[in-house]
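Coordinate analysis (summary)
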Number of protein chains: 4
Amino acid sequence: MPGNTFGTILKLTTFGESHGKAVGGILDGFPAGVEIDEDFLKRELARRKPGQSELVSQRKEEDEVEILSGIFEGRSLGTPIAFLVWNKDKKPEDYDHLKTTYRPSHADFTYSQKYGLRDYRGGGRASARETVARVIAGSFAKMLLREPGITITAYVSAVGSVAMDKPFNNPDMALIDASPVRCPDQETSSKMIDLIKETAKKGDTLGGQISCVVHGAPAGLGEPVFDKLHADLGKAMLSINAVKGFEIGSGFAGTRYYGSQQNDEFTTDGNRIITKTNNSGGVQGGISNGMDIGFNVGFKPVSTLMKDQKTVDEDGHQVILEGKGRHDVTVVPRAVPIVEAMAALVIADHWLRNQVARV
Amino acid sequence: MPGNTFGTILKLTTFGESHGKAVGGILDGFPAGVEIDEDFLKRELARRKPGQSELVSQRKEEDEVEILSGIFEGRSLGTPIAFLVWNKDKKPEDYDHLKTTYRPSHADFTYSQKYGLRDYRGGGRASARETVARVIAGSFAKMLLREPGITITAYVSAVGSVAMDKPFNNPDMALIDASPVRCPDQETSSKMIDLIKETAKKGDTLGGQISCVVHGAPAGLGEPVFDKLHADLGKAMLSINAVKGFEIGSGFAGTRYYGSQQNDEFTTDGNRIITKTNNSGGVQGGISNGMDIGFNVGFKPVSTLMKDQKTVDEDGHQVILEGKGRHDVTVVPRAVPIVEAMAALVIADHWLRNQVARV
Amino acid sequence: MPGNTFGTILKLTTFGESHGKAVGGILDGFPAGVEIDEDFLKRELARRKPGQSELVSQRKEEDEVEILSGIFEGRSLGTPIAFLVWNKDKKPEDYDHLKTTYRPSHADFTYSQKYGLRDYRGGGRASARETVARVIAGSFAKMLLREPGITITAYVSAVGSVAMDKPFNNPDMALIDASPVRCPDQETSSKMIDLIKETAKKGDTLGGQISCVVHGAPAGLGEPVFDKLHADLGKAMLSINAVKGFEIGSGFAGTRYYGSQQNDEFTTDGNRIITKTNNSGGVQGGISNGMDIGFNVGFKPVSTLMKDQKTVDEDGHQVILEGKGRHDVTVVPRAVPIVEAMAALVIADHWLRNQVARV
Amino acid sequence: MPGNTFGTILKLTTFGESHGKAVGGILDGFPAGVEIDEDFLKRELARRKPGQSELVSQRKEEDEVEILSGIFEGRSLGTPIAFLVWNKDKKPEDYDHLKTTYRPSHADFTYSQKYGLRDYRGGGRASARETVARVIAGSFAKMLLREPGITITAYVSAVGSVAMDKPFNNPDMALIDASPVRCPDQETSSKMIDLIKETAKKGDTLGGQISCVVHGAPAGLGEPVFDKLHADLGKAMLSINAVKGFEIGSGFAGTRYYGSQQNDEFTTDGNRIITKTNNSGGVQGGISNGMDIGFNVGFKPVSTLMKDQKTVDEDGHQVILEGKGRHDVTVVPRAVPIVEAMAALVIADHWLRNQVARV
């Protein structure tokens, strides 16, 4: 039973193999009457684009989005918004050597086992190419979230073992985008760049961590007991390629606190009830409390190395997989808009869901 | 829009407030013809029961499950299995002081904001009492998983800052259940117990970590791209009360590895293709690869302290919340069967989903 | 994959076999803050009760509903409303002769084929006993619909070949409930009663038709393209036991009109745009237009006869099924509240769905 | 909340306005390994095409389908199958006069009321143009149903008041497609053609009825209690433009039978248990019984007349809507493949659902 749809009221269904004709999706449940900002959409897409700096993959995807439906005279119709991006930079022959070989820590083996056949060209459906559809849909979600004034900002908080000290505080979008690795702390950013360059020389790869802050969300988002806000955020993030971990608020560090350290004391700011600290990450009992929603997402290192690896082919014979092509050393800088997009889809969906929570 | 249902083919819907008449649920999509082992169900429920040792809460819930439908002459009918547990140990008057007060890091404030009213008695719907329904449903899922020979074993791998060294390896159910804190490593178990006792004296509380291993799952479970196996496991775990983090395989630690360290080299074991290491935690591209599926779940410290805390009431006036009653210092030992139950529901659902992946 | 849940935002999941412990359900997605009128609920349930007149089955179901969750101090909490009715009048031994025999036009054979086993006592899950849960849930839906002022009224418009002349016009609840067959036209009502009595003497049974009018629904309910309002109403009605047909507005008769006869001319009533005629039955393009929503539901004759029938047992051997017990000659009078309940669930769900159609 | 997705395991989501860029959809849940017959797909699409005879609309849609994903080397991948048809014959200026006018019995008024804006060009999303996506998806469903040997055949059984005598019996595809109105009974077909021509002269339009037979379905399809097979078929049919009624088996006529006439006596054919008659239409208790599944679908007359009609504009002012353009007198001949497509989607979905009904 398929798993290509995300969301409950605002539903995104994506399609596409990396070297098929196109990738894209249908965003359904988007309310009528929202002003559509196509320039914003293009900028968001550009943020995901490969080849943005010397640090990342040079596949030249032009990634022009074609919107097929759902918009009329600059506003959403309330009907499905379908969109696609043609796969222009297809060189399927580059992948002939993978026809029968299972790359370590890739999805080649598992897709073969599940489906009995697979599109081996560039990862097929398992390729991160699919996330272009998420970024497009996320842009629409962000347009919708302008209405209640909710903003979503992600940034790279760690590359390999180089990490920022203090997460979640006042991420400044300008500082983030000024950094080639999208880390708002300039000193850490420089160290990350150095580490990436060193690692590239070794033909090796790096993982990292993205932190994300949702600002301006009202109290009340999240649906107990299973669709808790952070449970849906967690699923959204874990569905992104290469993600292996998710934590909200003080997260795993907080599991080592005493309750008296972890608890967020309530107080007031004018008439508004707030918490003094925010170890909860803006979510209590699965429902947003009006504070910033903050979470971390852990990405494993890129699986494609620029050096030889041992593996097996589909008959179980050992083969050597040569390191070739040009690949990212780490995906985290490019994954920032993907994290934001998935967060925007979750928050927009829950904002809509919350409209019917009470009479 | 509600969030009280979990799963796609195997669907659990739960109901109940902690001090209402009953808690329970409906498990739909459970295939016909499965032998029902009611003794096993009772044992599972007993593992979750409070008051099992001096270390945990003394509320005497008898927690006798009443099955209302879906079973006939010892086998499942293919129709919904409804079940409930009556709330016998209700002392709603114990909670009168919470009518207008928002306990720090509890769900009182967020439920009020979302719904405009709340059942303030003992946490209402937000109480961990709800998880009794998950354990019951999870027991059925485990009965179903006997068919393909899949087992699920969780244990406490950390309490506060006391942690086991090596997770995921050969968890032995007998050792786990022999430990009052459900930690299979006896030395660590003792340290955990000491820490809990010390902390209890201070009126403070502790968080911790549960590790879980799914053994015997075939390759092929998991549905790209959104319903990746670990994304659904992550959501399942994050939907459990007090959970703040989830990681699969090498998880957050793995984000600091080089790709050459993280990658799991393919090799063979007889005719079977396996991986030499298992940093992937048994899942690649969102689909199980036949290795053990291993993940960690982080729980924050219990929010109810046995010492006074500052907070506000619904009018924003500052009040002191007295520490009283008897509560767990940490939930992790009792949460072990809950983690297993949610894992069983996810794996069973995906096992069913995978039946229709190909012709 | 199960089919025991109905609705998208307002979701009803039912459970229960006719001779199991209980039947009931969980109504999820019911907004918080709705005043709960338990007397109304009891009256609705009483309308469905067997043994209300000499014309219908004498099984004495007391049908007292027990509400287990979701309501607090007279108002809905926004959490799942679980409810059950115990099966008190169980005489499973009455059904021993059906253990291996397939009753004509009953579900015995198909359940056996699908599930490989079945609860043969009184129809098990296939029994109309399940509809008690629908009536309970429908009562809650009607309470919710008081908010926008929507009312739902059904009545018997045909029993066998005795039919009312003019359907859909001003159904008067008092006249309906004054008739033992729930037909508001007194003359037709008398003829229906005569026909039922005659047919009873012959040991035979009758079908019939229920008409239903939804009054006060605003324009805008219904979700193109698949969840058109009348498509969801149709599914709802066809899911009721013994229903074989559904039509909206002029229905099948309208298929024989010319377009110039069928079309509903727009005009105004004060400031409001209305249609002069209502052959559309209040729905155009799948969306309500503000006029009364009217539809007909066709019920086949009761399958259990009071005379002998030929059939086969599970081994394919011919057997004679004796006519015994006491059964309704026709279900339509008792099905009136069931039709209303399912209509209320559909309309309430779509009323909620429409809250998020536009910003 | 959106309604553009149909199905549970096999899910079709469609998109597109009639005069937007394209219409199309994503078919998800289609199992891997199915051989894809693109010629068959083209033939199916050709059956729906306008301008096939003098009897139907002359809009020249070339309707070439472009498949974007999900197929590799002639077989399905198990990933979403996305497809589109470009809207080539767009003349939006033809519709300027409809910008502010509500056509009688069209969806102009209801879309405006629901969404606050609408794409007025040619019906926008409400146009029957959307059904091209259904026919494409239905073709894939038919390819899947070749596996279990299930065939689906629909035909026109009535146009206006000209109706076939005996429905459901041995529909011969060759005879159906030989008739310009797709009625397999030649004499009735001629009368229908005469009626259509006469009506065209008057500038008026006609409705009609399509009958459909599903042959070869095993016993066991259908999911009690809400997703009964005929309930899902009913919803599928009622979601097609202009459909106002649905009945299965003896349908509304059967509501006037006595039980002793309606009941289908069980007997055997060799080792197989069958029924002597088939008033049930192949479905009992919501589950297929292995006999042919037969149902009727009622279509109202086309709403666009070739003569003047009174109506109102968006300000409530009375206007005269002139009859112009070239439109079908009746949609039923062209709707035959649409009925088949929707039936195929329902049956394929339930065939997949039934794979997990028992262990």
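Residues numbered from 1 in each chain as written. Chains lettered and ligands numbered in written order. Predicted model: local features only at pLDDT ≥ 70, side-chain atom pairs only at ≥ 80, totals over all residues. Heavy atoms only, no water.

1. Topic: the overall build of chain A
- Looking only at helices and strands, one finds nine helices and 19 strands in chain A.
- Taken along the three principal axes of its C-alpha coordinates, chain A extends 65 × 50 × 35 Å.
- The burial tally for chain A puts 68% of its 359 residues in the buried class.
- As displayed, chain A offers around 11700 Å² of accessible surface, 44% of which is attributable to carbon and sulfur atoms.
- Counting 43 positive and 46 negative side-chain charges, chain A places the averaged centre of each group 2 Å from the other. (Helix = DSSP H or I, 4+ residues; strand = E, 2+ residues; numbered from the N terminus. Buried < 20%, exposed > 50% of the residue type's maximum accessible area, 1.4 Å probe, protein only. Areas by Shrake-Rupley, 256 points an atom, 1.4 Å probe, with all protein chains shown as cover. Lys, Arg positive; Asp, Glu negative; His and termini not counted. Charge placed at Lys NZ, Arg CZ, Asp CG, Glu CD.)

2. Details of the pairing of strand S11 (residues 208-215) of chain D
Residues and elements named next belong to chain D.
- Most of S11 sits inside the fold, with seven of its eight residues counted as buried.
- For strand S9 (residues 151-159) and S11, the ladder comprises eight bridges, and the chain directions are antiparallel. Bridge pairing in S11 links threonine 153 to valine 213.
- Note: S11 against strand S17 (residues 293-299), seven bridges, orientation antiparallel. Of the residues in S17, the one forming a bridge with isoleucine 210 is valine 297. (Pairing = 2+ DSSP bridges.)

3. Here's the deal with the interface of chain C and chain B
- Facing 43 residues of chain C, the contacting portion of chain B comprises 43 residues.
- Both sides of the chain C and chain B interface together cover about 3400 Å² of buried area, and 69% of this is carbon and sulfur.
- When the buried surface of chain C facing chain B is broken down by residue, C:Leu68, C:Phe72 and C:Leu117 rank first, second and third, together holding 18% of it.
- Across the contact surface, chain C and chain B share two salt bridges.
- Residue B:Lys21 is joined to C:Glu66 by a salt bridge in which the shortest nitrogen-to-oxygen separation is 3.4 Å.
- Counting across the chain C and chain B interface gives eight residue pairs in polar contact (both at pLDDT 80 or more).
- At the level of elements, strand S2 (11-15), strand S3 (22-28), strand S4 (65-67), strand S6 (75-76) and strand S7 (81-86) of chain C are the ones that each hand at least two residues to the side of chain C that touches chain B. (Contact = heavy atoms within 4.5 Å. Buried area = accessible area lost by both parts, 1.4 Å probe. Salt bridge = Lys/Arg side-chain N within 4 Å of Asp/Glu carboxyl O. Polar contact = N/O pair within 3.5 Å; in protein donor to acceptor, adjacent residues only side chain to side chain.)

4. Let's talk about the pattern of salt bridges
- Going through the model one piece at a time under the given rule, you end up with 92 salt bridges over all chains.
- Residues B:Asp37 and B:Arg146 are paired through a salt bridge, measuring 3.2 Å at the closest nitrogen-oxygen approach. Taken together, the residues span a long stretch of sequence, with B:Asp37 in the loop between strand S3 (22-28) and helix H1 (38-48) and B:Arg146 in the loop between helix H3 (131-145) and strand S8 (151-159) at a distance of 109 residues.
- Judged by relative accessible area, B:Arg146 falls into the partly exposed class, the value being 44%.
- Linking C:Arg353 and C:Asp232 is a salt bridge whose minimum nitrogen-to-oxygen distance equals 3.8 Å. Here the residue C:Arg353 occupies a position in helix H9 (residues 332-354), and C:Asp232 occupies one in helix H6 (residues 229-238), the gap between them amounting to 121 residues.

5. Some remarks on the sheet that holds strand S7 (residues 81-86) of chain A
All names here are of chain A.
- The sheet built from five strands is open, its strands ordered S1-S2-S3-S7-S4 with antiparallel pairing. If you trace the sheet from one side to the other, it starts and ends with strand S1 (5-6) and strand S4 (65-67), each paired once.
- Sheet analysis places strand S2 (residues 11-15) next to strand S3 (residues 22-28), joined by five bridges and oriented antiparallel. Paired with threonine 13 across the bridge in S3 is isoleucine 26.
- Of the strands in this sheet, S2, S3, S4 and S7 touch helix H3 (residues 131-145), which is tilted by about 140° from S7. (Axes fitted to C-alpha atoms, helices over the stretch in contact; angles between N-to-C directions.)

6. Points about the confidence of the model for chain A
- Within chain A, residue pLDDT values average 93, and 95% of them lie at 70 or more.
- Here the predicted complex carries an ipTM of 0.97, next to a pTM of 0.97. (pLDDT = per-residue confidence, 0-100.)

7. Things to note about the relation of the copies chain D and chain C
- In screw terms, the move from chain D to chain C is a rotation of 180° and a rise of 0.0 Å along the axis, fitting with an RMSD of 0.0 Å. On this basis, the relationship between the two copies can be described by a two-fold rotation axis.
- The residues that chain D uses at the interface reappear at the interface of chain C in 100% of cases, marking a shared surface. (Least-squares fit on C-alpha atoms with pLDDT ≥ 70 in both.)

8. Here's the deal with the relation of the copies chain C and chain B
- The two copies are related by a screw motion: chain C maps onto chain B through a turn of 180° and a shift of 0.0 Å along the axis, at an RMSD of 0.0 Å.
- Same-surface contact between copies: 100% of interface residues of chain C are shared with the interface of chain B.

9. What about the packing of aromatic side chains?
- Inspection of every chain in the model, using the stated rule, returns 36 aromatic pairs over all chains.
- Ring geometry for A:Phe266 versus B:Phe109: centroids 5.3 Å apart, planes at 55°, classification tilted. Placement of A:Phe266 in strand S13 (residues 266-269) and of B:Phe109 in helix H2 (residues 108-115) is noted, with the two residues assigned to different chains. Taken individually, A:Phe266 and B:Phe109 each receive the classification buried, so the pair is uniform in this respect.
- With centroids separated by 5.6 Å and ring planes inclined at 50°, the aromatic side chains of C:Tyr111 and C:Tyr115 adopt a geometry described as tilted. With C:Tyr111 and C:Tyr115 both in helix H2 (residues 108-115), this residue pair falls four residues apart, about one helical turn.
- Residue classification places C:Tyr115 among the buried positions, given a relative accessible area of 5%.
- Connected via pairs of aromatic rings, a cluster forms that spans A:Tyr102, A:Phe109 and B:Phe266.
- The side chain of C:Arg146 reaches across the aromatic face of C:Phe40, ending 4.8 Å from its centre. (Phe/Tyr/Trp six-rings, centres within 6.5 Å; stacked < 30°, edge-to-face > 60°. Lys NZ or Arg CZ within 6 Å of the ring centre and 35° of its normal.)

10. Some remarks on the interface of chain D and chain C
- Counting residues at the interface gives 110 residues for chain D, matched by 111 residues for chain C.
- Overall, the association of chain D and chain C removes approximately 8400 Å² of surface from exposure, summing both partners, and the carbon and sulfur fraction of that is 58%.
- The largest per-residue losses of area from chain D upon contact with chain C belong to D:Met1, D:Lys114 and D:Phe226, which jointly make up 11% of the total buried on that side.
- On the surface where chain D and chain C come into contact, there are six salt bridges.
- For the salt bridge of D:Asp232 with C:Lys235, the shortest nitrogen-to-oxygen distance reads 2.7 Å.
- Between the two partners, chain D and chain C, sit 55 residue pairs in polar contact (both at pLDDT 80 or more).
- With seven residues, the single largest contributor to the side of chain D that touches chain C is helix H2 (residues 108-115) of chain D.
- The residue makeup of the side of chain D that touches chain C, split by class, is 39 nonpolar, 47 polar and 24 charged. (Nonpolar A, V, L, I, M, F, W, Y, C, P; charged D, E, K, R; others polar.)

11. Thoughts on the packing of H6(C) against helix H6 (residues 229-238) of chain D
- Here H6(C) crosses H6(D) at 165°, and the two axes come no closer than 8 Å. Looking at the two axes, H6(C) sits roughly antiparallel to H6(D). Once H6(C) is placed against H6(D), the crossing between them reads as right-handed. In this structure, H6(C) uses C:His230, C:Ala231, C:Asp232, C:Gly234, C:Lys235 and C:Leu238 to contact H6(D), whose residues at the interface are D:His230, D:Ala231, D:Asp232, D:Gly234, D:Lys235 and D:Leu238. (Parallel < 35°, antiparallel > 145°, perpendicular 65-115°, else oblique. Left-handed = near helix turned anticlockwise from the far one by under 90°.)

12. Observations concerning the packing of H6(D) against helix H9 (residues 332-353) of chain D
All names here are of chain D.
- The contact between H6 and H9 brings their axes to 9 Å, and the two run at 145°. Between H6 and H9 lies a crossing whose hand is right-handed. In contact with Leu229, Asp232, Leu233, Ala236 and Met237 of H6, H9 contributes Val339, Met342, Ala343, Val346, Ile347, His350 and Arg353.

13. Quick look at helix H1 (residues 38-48) of chain A
All names here are of chain A.
- Regarding H1, the residues found buried are Phe40, Leu41, Glu44, Leu45, Arg47 and Arg48. Viewed along the axis of H1, the buried residues span an arc of 155°, placing them on a single side of the element. Across from the buried face of H1, at angles greater than 90 degrees, the exposed residues are Asp39, Lys42 and Arg43.
- Tucked into the core, H1 has its buried residues touching S4, H3, helix H4 (173-178) and helix H9 (332-354). (Arc of directions from axis to C-beta.)

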